[in-house]
Amino acid sequence: MPLVAGVDTSTQSCKVVVRDAESGALVRSGHASHPDGTEVHPDHWWTAFQQAAEMAGGLDDVAAIAVGGQQHGMVCLDEVGDIVRPALLWNDTRSAPAAEALNDEIGRETLASSVGSTLVASFTLTKLRWLAENEPDNAARTMAVCLPHDWLTWKLAGSPGIERLVTDRSDASGTGYWSPQTNDYRLDLLERGLGKQVFVPRVLGPHESAGESASGAVLGPGCGDNAGSALGLGARPGDVIVSIGTSGVACAVSQVPAADVTGTVAGFADATGRFLPLVATLNAARVLSATASLLGVDFDELSRLALSAPSGSDGLVLVPYLEGERTPNRPNAKGAVHGLTLHTTTPAHLARAAVEGLLCGLADGIDALVGQGVVVERVLLIGGGAKSEAVRRIAPVVFGRPVVVPEPGEYVADGAARQAAWTLLGGDEPPTWPLAGAQTFEDAADPQVRERYAEVRDLTEG
């Protein structure tokens, strides 16, 4: 059976998995760290990839490779492909004023209808505007702009000149100058950001080859991390993926593109030719850790306490805006607890309210996806927060849908490996790989939980 490799070049590290192309069985894996910071020289990504590949036993025996990676960001190259300056990553916020300026100049409705999203600081277009305004010499040297996974794929192909750069729909849809609706670049928007035209990567189809590596392996087109995770999970139309990590993410495989003028839903593309509308929240797993710290318990005890309290926590509500919030967009909001009585002033009630508040915030995100035409039949729950027994059991009560929790895994790298197999084997759809160790949690929805949350959610702006 042929082997394929999937690479996840994430913000913090590089992971490599080697899998059987037909069955998806894991053969071996490796990882290596990236430097901290929001500005990183791409050479570090190449070094980490080589280290991770070596830890995985080398890739000389794999037939195909694909790279998933952190979305957005900005990698600037000169005319011969040399790095102009360290890459700005998605989480570098220095371009936030540029994002607001571009939203005002272009118009939010125009952006939503043109590229599926209004702009925030993570989008590449905003970083190009920052570059033009703050580093004009580097802007003048820039002859090509690409994304982190584009650059690593290009390096794997031997850096054959900037005219050979390629990307895919999912990552291109996070630039702010490519349309998932029309599958075309909006170079007029790119020029509005940088002040000039530059070379941009060719956008490949979902399993179109990007060439070959030095070892002769077929290169897949690659994908952004959220699209890679969806592919690794085998998500299909009707699925919403909810990830509870440092931040929260709700995204869905959809047959229709999103165009949300409010900016709540980002209208991304997925890695299969469909769409991946996405909502992000600032407050997720840290709501659990903060509550556990407040109560002086570990995560297992927090979970036990939460499950010992009744649904709705007898009216006690925790609005989890501990670091402001992005969805809804309330950067100055604070967290709040409502409904304290002598009866509800117990560790169990507060633990339950924390879990329910976290899930209600994500449920608001799911509602925003539904408002963009997304059909939701089940929820795939992943991330560190999904390890909580209370989160797993209370999620269907809040979401009102079955919740599937797969075993923890490197789903971005797995999605890249599945894409590599699709590029190698062909077919209309990616190969079917089983989702290992998945558990399904079902329970009757309790609408009063969200109704009570909605009563007090909007009292927390200050």
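Residues numbered from 1 in each chain as written. Predicted model: local features only at pLDDT ≥ 70, side-chain atom pairs only at ≥ 80, totals over all residues. Heavy atoms only, no water.

Visitor: Which residues make up the overall build of the protein, and what are the values?
Guide: On a plain count of helices and strands, the protein comes out with 15 helices and 23 strands. For the protein, the proportion of its 462 residues judged to be buried stands at 58%. Of the contacts made within the protein by residues no fewer than 6 positions apart, 72% connect residues no fewer than 24 positions apart. Averaged over its 33 positive side-chain charges, the protein has a centre that lies 2 Å from the centre of its 56 negative ones. (Helix = DSSP H or I, 4+ residues; strand = E, 2+ residues; numbered from the N terminus. Buried < 20%, exposed > 50% of the residue type's maximum accessible area, 1.4 Å probe, protein only. Contact = heavy atoms within 4.5 Å. Lys, Arg positive; Asp, Glu negative; His and termini not counted. Charge placed at Lys NZ, Arg CZ, Asp CG, Glu CD.)

Visitor: Describe the side chain of Gln-419, naming the residues involved and giving the relevant values.
Guide: If you trace the backbone, Gln-419 turns up in helix 14 (residues 411-425). Since its relative accessible area comes to 1%, Gln-419 is described here as buried. The contacts of Gln-419, once residues within four sequence positions are left out, are Ala-66, Pro-206, Gly-220, Pro-221, Gly-222, Cys-223 and Leu-231.

Visitor: Which residues make up the packing of helix 9 (residues 225-233) against helix 14, and what values do they have?
Guide: Interaxial distance between helix 9 and helix 14 falls to 6 Å at its minimum, and their mutual angle equals 75 degrees. On the basis of the axis angle, helix 9 is roughly perpendicular to helix 14. Each of Asp-225, Gly-228, Ser-229, Leu-231, Gly-232 and Leu-233 in helix 9 lies in contact with helix 14, whose residues at this interface are Tyr-411, Val-412, Asp-414, Gly-415, Arg-418 and Gln-419. (Axes fitted to C-alpha atoms, helices over the stretch in contact; angles between N-to-C directions. Parallel < 35°, antiparallel > 145°, perpendicular 65-115°, else oblique.)

Visitor: Could you give an account of the pairing of strand 21 (residues 378-382), with specific residues and numbers?
Guide: Within strand 21, 5 of the 5 residues are buried, which leaves the element mostly enclosed by the surrounding structure. As judged from the 5 bridges shared by strand 15 (residues 239-244) and strand 21, these two strands associate in the parallel manner. Bridge pairing in strand 21 links Ile-241 to Leu-380. Judged from the 2 bridges that link them, strand 21 and strand 22 (residues 403-405) form a sheet pairing that is parallel. (Pairing = 2+ DSSP bridges.)

Visitor: How would you sum up the nonpolar core? Please name residues and give values.
Guide: Where a protein is soluble and globular, its nonpolar side chains tend to be buried together. Membership of the largest hydrophobic core comes to 54 residues, with the highest contact counts inside it found for Val-240, Val-242, Ile-244, Leu-359, Leu-381 and Phe-399. Counting residues per element, this core draws most heavily on helix 12 (residues 347-371), which supplies 14 residues. Filtering out sequence-adjacent residues up to four positions away, Phe-399 remains in contact with Leu-359, Leu-362, Ala-363, Ile-366 and Val-379. (Core = buried A, V, L, I, M, F, W, Y, C linked by side-chain atoms within 4.5 Å.)

Visitor: Before we move on, can you summarise the sheet that holds strand 18 (residues 275-281) with the specific residues and values?
Guide: Taken together, 7 strands build an open sheet; the order of strands is 17-18-16-15-21-22-23 and the sheet is mixed. Strand pairing shows two members of the sheet lacking a second neighbour, strand 17 (266-269) and strand 23 (439-441), which therefore form its edges. Taking the axes of each pair of neighbouring strands and ignoring which way they run, one obtains an average angle of 25 degrees across the sheet. Sheet analysis places strand 15 next to strand 16 (residues 248-252), joined by 5 bridges and oriented antiparallel. Bridge pairing in strand 16 links Val-242 to Ala-250.

Visitor: For the pattern of salt bridges, give the residues involved together with the corresponding values.
Guide: Applying the stated rule across the entire model yields 27 salt bridges. For Glu-39, the salt bridge identified is with Arg-94, shortest N-O distance 3.0 Å. You can see Glu-39 sitting in strand 4 (residues 39-40) and its partner Arg-94 sitting in the loop between strand 7 (87-88) and helix 2 (96-106), a full 55 residues away along the chain. Overall, the relative accessible area of 32% leaves Arg-94 in the partly exposed class. For Glu-356, the salt bridge identified is with Arg-352, shortest N-O distance 2.9 Å. (Salt bridge = Lys/Arg side-chain N within 4 Å of Asp/Glu carboxyl O.)

Visitor: Which residues make up the environment of Gln-181, and what values go with them?
Guide: Within the secondary structure, Gln-181 is located in the loop between strand 10 (178-179) and strand 11 (184-185). A relative accessible area of 28% places Gln-181 in the partly exposed class. Sequence-distant contacts of Gln-181, that is, excluding residues within four places in its chain, are made with Ala-112, Ser-113, Ser-114, Val-115, Gly-116, Pro-257, Ala-258 and Ala-259. Side chain to side chain, Gln-181 and Ser-179 meet in a polar contact 3.0 Å long. (Polar contact = N/O pair within 3.5 Å; in protein donor to acceptor, adjacent residues only side chain to side chain.)

Visitor: Got a sec to walk through the packing of helix 10 (residues 285-295) against helix 11 (residues 299-308)? Specific residues and values, please.
Guide: Where helix 10 contacts helix 11, the two axes come as close as 10 Å, and the packing angle between them is 90 degrees. Between helix 10 and helix 11, the angle falls in the class roughly perpendicular. Between helix 10 and helix 11, the residues in contact are Leu-288, Ser-289, Thr-291, Ala-292 and Leu-295 and Phe-299, Leu-302 and Leu-305, respectively. Among the residues making up the contact of helix 10 with helix 11, the classes are represented as 6 nonpolar, 2 polar and no charged. (Nonpolar A, V, L, I, M, F, W, Y, C, P; charged D, E, K, R; others polar.)

Visitor: Give a detailed account of unusual backbone geometry, specifying residues and quantitative values.
Guide: Cis peptide bonds are those with omega within 30 degrees of zero, and the linkage from Thr-327 to Pro-328 qualifies with 0 degrees. Residue placement: Pro-328 occurs in the loop between strand 19 (317-319) and strand 20 (336-338). The backbone of His-72 shows a phi angle near 60 degrees, a positive value even though the residue is not glycine. Relative to the helices and strands, His-72 is located in the loop between strand 5 (62-69) and strand 6 (75-77). We classify His-72 as buried; its relative accessible area is 8%. Not every positive phi belongs to a glycine, and Ser-313 is a case in point at roughly 50 degrees. With respect to the helices and strands, Ser-313 occurs in the loop between helix 11 and strand 19. For Ser-313, a relative accessible area of 0% puts it in the buried group.

Visitor: Residues and numbers for the side chain of Gln-70, please.
Guide: Of note, Gln-70 is situated in the loop between strand 5 and strand 6. Using a relative accessible area of 1% as the deciding quantity, one classes Gln-70 as buried. Within the structure, Gln-70 has its side chain in polar contact with the backbone oxygen of Ser-10 (distance 3.3 Å).

Visitor: How would you explain helix 3 (residues 108-115) if you had to name every residue and give the values?
Guide: Within helix 3, burial applies to Leu-111, Ala-112, Ser-114 and Val-115. In this structure, the buried residues of helix 3 make contact with helix 2, strand 10, helix 8 (187-194) and strand 17. Once helix 3 ends, the next one or two residues include Gly-116, with phi positive near 85 degrees.

Visitor: So, the packing of aromatic side chains: which residues are in play, and what are the values?
Guide: Per the counting criterion, the structure on display carries 4 aromatic pairs. When the ring of Trp-45 is compared with that of Trp-151, the centres are 6.1 Å apart and the planes differ by 70 degrees; the resulting orientation is edge-to-face. Taken together, the residues span a long stretch of sequence, with Trp-45 in helix 1 (residues 43-55) and Trp-151 in helix 6 (residues 148-156) at a distance of 106 residues. Of the two residues, Trp-45 and Trp-151, both sit in the buried class. Lying across the ring of Trp-46, Lys-155 places its NZ or CZ 5.2 Å from the centre. Sitting over the ring of Phe-275, Arg-169 keeps its end group 5.4 Å from the ring centre. (Phe/Tyr/Trp six-rings, centres within 6.5 Å; stacked < 30°, edge-to-face > 60°. Lys NZ or Arg CZ within 6 Å of the ring centre and 35° of its normal.)

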